[in-house]
Amino acid sequence: MNSVHSPVLVVGAGPVGLVAALTLLQNGIPVRIIDKDHHPRMGQRGAGTWSRSLEVYNFLDISEVNSLGKSALPGRSYKPGTLEPLKDSSMFPHLEPTSTIPFHAPKLMGQQLLDVILRRHLEKFSCSVEMGTELRSFEQCDEGVTAILAKNGISETFDTKWIIGADGAKSIVRKQLGLTFLGESRDDTRLVTGDIRLTGVGLDRVHWHLFGNFNERGLSLRATDEIAEDGWQFYLYGRELDPTKIAESEELVFETIASLIPTKITFNKVVWMSDFRANIRMVNKFSKGRVFVAGDAAHPTGGQGLNSGVQDAFNLGWKLALVQKGLADKALLETYSAERLPVISEMLKMTTSILDKATASGDLSAGRNPILYMLGINCRFSTIVLDEFVTSVEGKPINAYGVLDEGHLDAGDRAPDAPNMLRVGGAELNTTTLFGLYRPWYHTMLVFAPSLADATPILGALEAYDKSVVRSAVVLPSSASVTSVASPDLVLVDWEGYAYSAYLVEASQTKVFVIRPDGVIGAIVHGTEGVKKYFSKIFLDA
């Protein structure tokens with residue numbers, strides 16, 4: 001049978017596939033999304049959402065991840081064989097929100113709930129996941145891709161323009177593309193993880209409890225009401241344990257946990273569990289022709305795999321939308337792989353280092369640092385970013401997974417936020433944030449200028465571009481004299497100086513920032529010619 005043909009087929013409906021679909025739908029591109037499982041996945045799984053991913057959800061207008069997500073509980077380890085605390089520790093470095101980083105604290109939300117939230121947003125676009133639908137094979141040519149799907153034993157031929165494989169570590173998309181899968185599987189870090197319901201005398205729900213150690217046997221217990229009032233996410237680990245065997249038996253899970261907690265435990269049930277080992281692998285490239293991979297299909301790993309996958313999807317989505325609309329050349333899609341490969345390569349090295357420190361010390365919080373917040377991730381090296389204020393150096397090392405340095409801002413960096421921006425020219429004065437302007441279906445040109453007159457010639461450069469994919473805002477310093485503005489463009493006064501400080505601009509300067517749909521600074525230029533040069537790298541006939 002043939003179905004109504006959406007130009008993009010997304011294979012896999014975990015958070016990565018759902019974010020890819022949502023990004024495309026918000027760009028006006030119809031999507032078909034399938035998942036081979038008959039029911040949504042259970043379990044907390046990858047529960048940590050880091051700052052950069054919270055920003056992605058914010059740009060997609062998915063506020064529930066931040067509002068419903070829980071802050072990490074303090075970790076508490078115990079003296080062997082007792083409930084006497086040995087050490088309290090922060091599981092994540094604690095950082096308060098700032099004017100430039102509104103989502104500084106990581107949030108914990110199980111994948112099961114995250115999937116529900118993302119699917120609800122998908123449904124706003126009259127799109128729903130087709131469960132129990134499997135990709136069997138595909139063939140591609142210059143014009144499109146023909147996929148063979150199967151549901152309930154019935155085969156379907158589906159013609160589409162593009163495929164995004166977000167179908168996990170055992171990805172059929174990756175395997176059929178024949179992408180090289182580099183890396184290793186770590187047998188020294190095998191564990192059992194899952195969700196369990198239990199109560200224990202003296203076991204509070206305000207700490208992340210840590211018993212035992214990596215060298216022998218250990219247990220991590222994190223309370224979460226997402227499962228039930230007596231629900232916990234658990235990890236069992238240690239060289240003495242056989243994770244494969246334990247994961248096959250609820251009784252063995254109960255016995256192992258009881259052996260590690262020296263108090264009376266009342267077990268209700270294991271809700272979900274799986275054995276796990278660290279797969280530190282990545283593909284050699286993220287696409288071939290009209291087919292792409294993202295998330296675990298490209299780089300299955302613990303730690304930051306889900307967050308990185310969501311950011312893969314967000315990087316790809318706006319580019320694919322522009323190409324599908326006929327506004328950009330297919331060459332733009334090559335930058336997806338070029339920008340994400342160095343990030344993932346460095347991420348794997350960093351998470352491996354943290355893993356090694358944790359296993360060597362027996363401390364789950366060992367080696368964690370603010371780089372995990374992913375705010376320093378950049379693509380300064382990308383061929384489509386332009387910075388007229390930086391001298392390019394041949395052979396300069398790529399530091400794609402860097403530490404955030406707010407005293408330094410280049411094209412290719414994350415665009416910072418700024419609050420309390422005063423809108424002028426409307427019927428009434430109101431305020432906004434810069435993050436409130438950025439959305440995944442258009443570029444935002446910020447013109448920092450001493451006066452509106454200084455900005456006007458630069459705004460004229462935008463007349464050549466499609467208004468649906470490029471917007472502008474003038475940012476004036478607090479010293480600017482503005483009473484009323486008869487301008488079709490958005491005019492903001494930075495009356496508390498947050499934007500000028502965050503973007504490192506002097507009040508007397510004219511400086512233009514072009515913010516990409518994924519919240520990355522695409523260009524930092526002097527004026528009109530720089531704007532045209534940047535967009536010539538993005539749009540056809542620009």
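Small disclaimer: the values here were computed from a predicted structure and weren't measured.

Reading the values: the criteria
Residues numbered from 1 in each chain as written. Predicted model: local features only at pLDDT ≥ 70, side-chain atom pairs only at ≥ 80, totals over all residues. Heavy atoms only, no water. Pairing = 2+ DSSP bridges. Helix = DSSP H or I, 4+ residues; strand = E, 2+ residues; numbered from the N terminus. Contact = heavy atoms within 4.5 Å. Axes fitted to C-alpha atoms, helices over the stretch in contact; angles between N-to-C directions. Expected span 1.5 Å × (residues − 1). Buried < 20%, exposed > 50% of the residue type's maximum accessible area, 1.4 Å probe, protein only. Parallel < 35°, antiparallel > 145°, perpendicular 65-115°, else oblique. Left-handed = near helix turned anticlockwise from the far one by under 90°. Core = buried A, V, L, I, M, F, W, Y, C linked by side-chain atoms within 4.5 Å. Salt bridge = Lys/Arg side-chain N within 4 Å of Asp/Glu carboxyl O. 1 Å grid on protein atoms, 1.4 Å probe; cavity = no way out; pocket = protein on both sides within 12 Å on 5 of 7 lines; lining within 4 Å. Points joined across faces, edges and corners; volume = space filled by probe spheres on them. Polar contact = N/O pair within 3.5 Å; in protein donor to acceptor, adjacent residues only side chain to side chain.

K.L.:
I would appreciate a short explanation of the sheet that holds strand β17 (residues 287-288) in the present structure.
P.N.:
The strands making up a sheet are joined through hydrogen bonds of the backbone, oriented either antiparallel or parallel. In spatial order, the strands read β7-β2-β1-β11-β18-β17; together these 6 strands make up an open sheet with mixed pairing. Two strands close off the open sheet at either side, each with one partner strand: β7 (130-131) and β17. In this sheet, strand β2 (residues 31-35) lies alongside strand β1 (residues 8-11) in parallel orientation, the contact comprising 4 bridges. Within β2, the residue paired with L9 across the bridge is R32. Of the strands in this sheet, β1, β2 and β11 (162-165) are in contact with helix α1 (residues 15-26), which crosses β2 at around 170°.

K.L.:
When you look at helix α4 (residues 111-123) in this model, what are you seeing that I'm missing?
P.N.:
For an α-helix the count is 3.6 residues per turn, leaving residues at separations of three or four pointing the same way. Across its 13 residues, α4 extends 18 Å between first and last C-alpha, which sits within 8% of the 18 Å expected from 1.5 Å per residue. By the burial criterion, the buried members of α4 are Q111, L114, D115, I117, L118, R119, H121 and L122.

K.L.:
For this particular structure, what's the right way to read the packing of α1 against helix α8 (residues 305-324)?
P.N.:
Contact pair α1 / α8: the axes reach a minimum separation of 8 Å and the direction vectors enclose 25°. In terms of orientation, α1 lies roughly parallel with respect to α8. As for the relative orientation of α1 and α8, their crossing is right-handed in sense. Here α1 contributes P15, V16, V19, A20, T23 and L24 to the contact with α8, which in turn contributes L306, G309, V310, A313, F314, G317, W318, L320 and A321.

K.L.:
What's the story with the side chain of T23 in this structure? I'm lost.
P.N.:
Examined against the element boundaries, T23 turns out to sit in helix α1. The contacts of T23, once residues within four sequence positions are left out, are L60, F314, G317, W318 and P440.

K.L.:
I keep staring at the pairing of strand β12 (residues 181-200) and nothing clicks. Help me out?
P.N.:
The side chains of a regular strand alternate between the sheet's two faces. Across 16 bridges, the pairing between β12 and strand β16 (residues 265-283) is antiparallel. In the sheet register, G194 faces β16, and the bridge partner there is M273. When β12 meets strand β15 (residues 231-237), the two strands line up antiparallel, connected through 7 bridges. Its bridge partner lying in β15, G194 is registered against F234.

K.L.:
Looking at this model, I keep getting lost on the nonpolar core. Mind explaining?
P.N.:
One broad rule of soluble globular proteins: the nonpolar side chains tend to lie buried together. Membership of the largest hydrophobic core comes to 150 residues, with the highest contact counts inside it found for I33, L434, Y438, L446, Y503 and F513. No other element matches the 10 residues that α8 contributes to this core. For Y503, the contacting residues outside a window of four places in its chain are L409, A415, P416, L434, Y438, L446, F448, F513, I515 and I521. In terms of nonpolar packing, the next biggest core, distinct from the first, is built from 22 residues, L219, A223, I246 and A247 among them.

K.L.:
Just checking my understanding: could you explain the pattern of salt bridges for this structure?
P.N.:
Pairs can form between side chains of opposite charge whenever their charged atoms are close. If you walk through the whole model with that rule in mind, you get 17 salt bridges. Here R340 ties to D312 by a salt bridge, and the two come within 2.7 Å at their closest N and O atoms. One end of the pair, R340, is in helix α9 (residues 334-361); the other, D312, is in helix α8, and 28 residues separate them in sequence. The same class applies to R340 and to D312, which are both buried.

K.L.:
Is there a simple way to explain unusual backbone geometry in this structure?
P.N.:
Trans peptide bonds make up most of the peptide bonds, and negative phi angles are found at most residues other than glycine. Look at S126: it is not a glycine, yet its phi comes out positive at around 55°. With respect to the helices and strands, S126 occurs in the loop between α4 and β7. Positive phi outside glycine occurs at N420, with the angle close to 55°. In this fold, N420 is placed in the loop between β19 (386-387) and β20 (421-424). Assessed through its relative accessible area of 29%, N420 is described here as partly exposed.

K.L.:
Help me understand empty space enclosed by the protein in this model?
P.N.:
A water-sized probe rolled over the atoms picks out the places where empty space is left. The full count for this structure, using the stated rule, is 2 cavities of 30 Å³ or more. Taken as a whole, the largest cavity encloses approximately 230 Å³ of empty space. Taken together, 19 residues line the largest cavity, and the ones lying closest to its centre are R52, N315, R340, D518 and V520. Elements with a minimum of two residues in the lining of the largest cavity: α2 (51-59), α8 and α9.

K.L.:
It is not clear to me how helix α7 (residues 250-260) should be interpreted in this structure. Could you clarify?
P.N.:
Of the positions making up α7, those classed as buried are V253, F254, T256, I257 and L260. In the core, the buried residues of α7 are packed alongside β12, β13 (208-212), β14 (218-223), β15, α6 (243-246) and β16. Backbone nitrogen of E251 and a side-chain oxygen of the N-cap are separated by 3.3 Å at the start of α7; the cap is S249.

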